[in-house]
Amino acid sequence: ESRGLQRKHYCGDLQMHSEYSDGRVTLAEIIEGCLARGYVYCAVTDHSYGLPIANGVSMSNLKRQHAEINALNRRYRGRFRMLKGIEANILADGALDMTQEELKKMEVVLAAPHSKLRSVDDQTGRMLTAVSLPGVNILAHPRGRKFGARPGITANWDKIFARAAKLRVAIEIDGDPSRQDVDFALAQRALNAGCLFALDSDAHSVSELRYAETAIAHARLAGIPPARIVNCWKLEKLVDWLAEAWHR
């Protein structure tokens, strides 16, 4: 029995997309897919309205989504909890494409870069700004790289990881095979900096929920202990940590 991270430690996935943005699944299908994998919670994190290319969800549609999530959480009470999340877009100056008031309606806020991903300019300042914003829980696919398509962001990652560790913002390992971002080598540097981690599938369909296993594999290679991985925490601890982000 190895002492490292194992699949059984993983309680839920904190990045996925539904038909409300660019995913291909209903919220109910997501819950059933997660239950089939043994999860007790998940976060639905559709794209924010500032990303029309990904069919970003409007605030009025988010209100509709939240009502649907409330109804589903009542139906699955005691078995499963779906958290209200968003994948907010990090703008060129490091700000997000949503206001603080809008972000406060969310339980899980992912901040992710979706622009300037082919630029060779150093973007350390942009990412430091994003990590430091009140309400941000997870720095999602931090580099924004895609294999064979774009190299992603150039930055002083050790500096960004140090800031994230201090503010208890989790660094994501996105398990989408074309992303694997951050990978185990970069994750090891984040571990040494004292960071927390989120291991997510970035699923756009139920079959893609298995991408979480790629994230788990990178975390194992990096030697990250389960205690540092927010997806391995009990729901109560996770929810407390998520709320902390507003008290920076």
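Residues numbered from 1 in each chain as written. Predicted model: local features only at pLDDT ≥ 70, side-chain atom pairs only at ≥ 80, totals over all residues. Heavy atoms only, no water.

### Looking at the overall build of the protein
Condition: Helix and strand labels come from DSSP, where a helix needs a run of H or I of at least four residues and a strand needs a run of E of at least two; each type is numbered from the N terminus. Note that the radius of gyration is over C-alpha atoms, with the globule rule given as 2.2 Å times the number of residues to the power 0.38. Type-normalised accessible area, obtained with a 1.4 Å probe on protein chains alone, sets the label of each residue: buried when under 20%, exposed when over 50%, and partly exposed for intermediate values. In this analysis, two residues are considered to be in contact whenever any of their non-hydrogen atoms come within 4.5 Å of each other.
Along the protein, the regular secondary structure elements total 8 helices and 7 strands. Taken over the C-alpha trace, the protein has a radius of gyration of 16 Å; the compact-globule value for 248 residues is 18 Å, and the two agree within 12%. Looking at the protein residue by residue over its 248 residues, the buried ones come to 56%. Residue pairs at least 24 apart in sequence account for 78% of intrachain contacts in the protein once pairs closer than 6 positions are excluded.

### With respect to the nonpolar core
Note the cut-off: We define the nonpolar core as a collection of buried residues of types Ala, Val, Leu, Ile, Met, Phe, Trp, Tyr and Cys that are connected through side-chain atoms lying within 4.5 Å of one another.
The biggest cluster of nonpolar side chains holds 63 residues, and the ones touching the most others in it are Ile30, Met82, Ile171, Ile173, Phe197, Leu199 and Ile224. In this view, Met82 contacts Leu27, Ile30, Ile31, Cys42, Val44, Ile69, Asn73 and Glu107; residues no more than four positions away in its chain are not counted. One finds Tyr41, Ala43, Val108 and Ala170 within the second-largest nonpolar core, a separate group that totals 18 residues.

### Points about the packing of helix H1 (residues 27–36) against helix H2 (residues 59–75)
For clarity, the cut-off: Angles run from 0 to 180 degrees between N-to-C directions of axes, and those axes are lines fitted to C-alpha atoms, restricted for helices to the stretch in contact. Oblique is the label for any angle not under 35 degrees, not over 145, and not in the 65 to 115 range, which are roughly parallel, roughly antiparallel and roughly perpendicular in turn. By convention, the crossing between two helices is left-handed when the near helix turns anticlockwise from the far helix through less than a right angle, and right-handed when the turn is clockwise. Each residue gets one label: Ala, Val, Leu, Ile, Met, Phe, Trp, Tyr, Cys and Pro are nonpolar, Asp, Glu, Lys and Arg are charged, and the others, such as Gly, are polar.
With their axes 10 Å apart at the nearest point, H1 and H2 run at an angle of 45 degrees to one another. It follows that H1 is oblique to H2 by the angle criterion. Considering the relative orientation of H1 and H2, their crossing is right-handed. In this structure, H1 uses Leu27, Ala28 and Ile31 to contact H2, whose residues at the interface are Gln65, Glu68, Ile69 and Leu72. Across the contact of H1 with H2, the residue classes tally to 5 nonpolar, 1 polar and 1 charged.

### Observations concerning the sheet that holds strand S5 (residues 138–139)
Hydrogen bonds between backbone atoms are what pair the strands of a sheet, whose relative direction is either parallel or antiparallel. Selection criterion: Strand pairing follows a simple DSSP-based rule, namely that at least 2 bridges must link the two strands.
With respect to topology, 7 strands assemble into an open sheet ordered S1-S2-S3-S4-S5-S6-S7, the strand pairing being parallel. Each having just a single partner strand, strand S1 (12–13) and strand S7 (197–200) make up the two edges of the open sheet. Pairing of strand S2 (residues 41–47) with strand S3 (residues 81–90) involves 7 bridges; the strand directions are parallel. By the bridge assignment, Cys42 is partnered in S3 with Met82. Each of S2 and S3 touches H2; the most contacted strand, S3, lies at about 155 degrees to it. In the packing of helix H4 (residues 124–132) onto the sheet, the strands contacted are S3, strand S4 (108–113) and S5, and the crossing angle to S3 comes to about 150 degrees.

### Some points on the state of the cysteines
Formally: Note that a disulfide, as used here, is simply two cysteine sulfur atoms within 2.5 Å.
Summed over all chains, the structure comprises 0 disulfides. The thiol sulfur of Cys11 is not disulfide-bonded, and the nearest other cysteine sulfur, from Cys232, lies at 6.3 Å. Overall, the relative accessible area of 19% leaves Cys11 in the buried class. Note on Cys42: no disulfide assigned, nearest cysteine sulfur contributed by Cys34 at a separation of 4.2 Å. Cys42 sits in the buried class, given a relative accessible area of 0%.

### Digging into helix H8 (residues 235–244)
Every α-helix carries 3.6 residues per turn, so stepping three or four residues along brings you back to the same face. Our working rule: Relevant arc is that of directions from the helix axis to the C-beta atoms, nothing else.
All of the buried residues in H8 are Leu238, Trp241 and Leu242. Looking down the long axis of H8, one finds its buried residues gathered within 100 degrees of arc, a one-sided arrangement. Relative to its buried face, H8 has exposed residues pointing more than 90 degrees away, namely Glu236 and Asp240. Buried residues along H8 sit in contact with S2, S3, S4, S5 and strand S6 (170–174).

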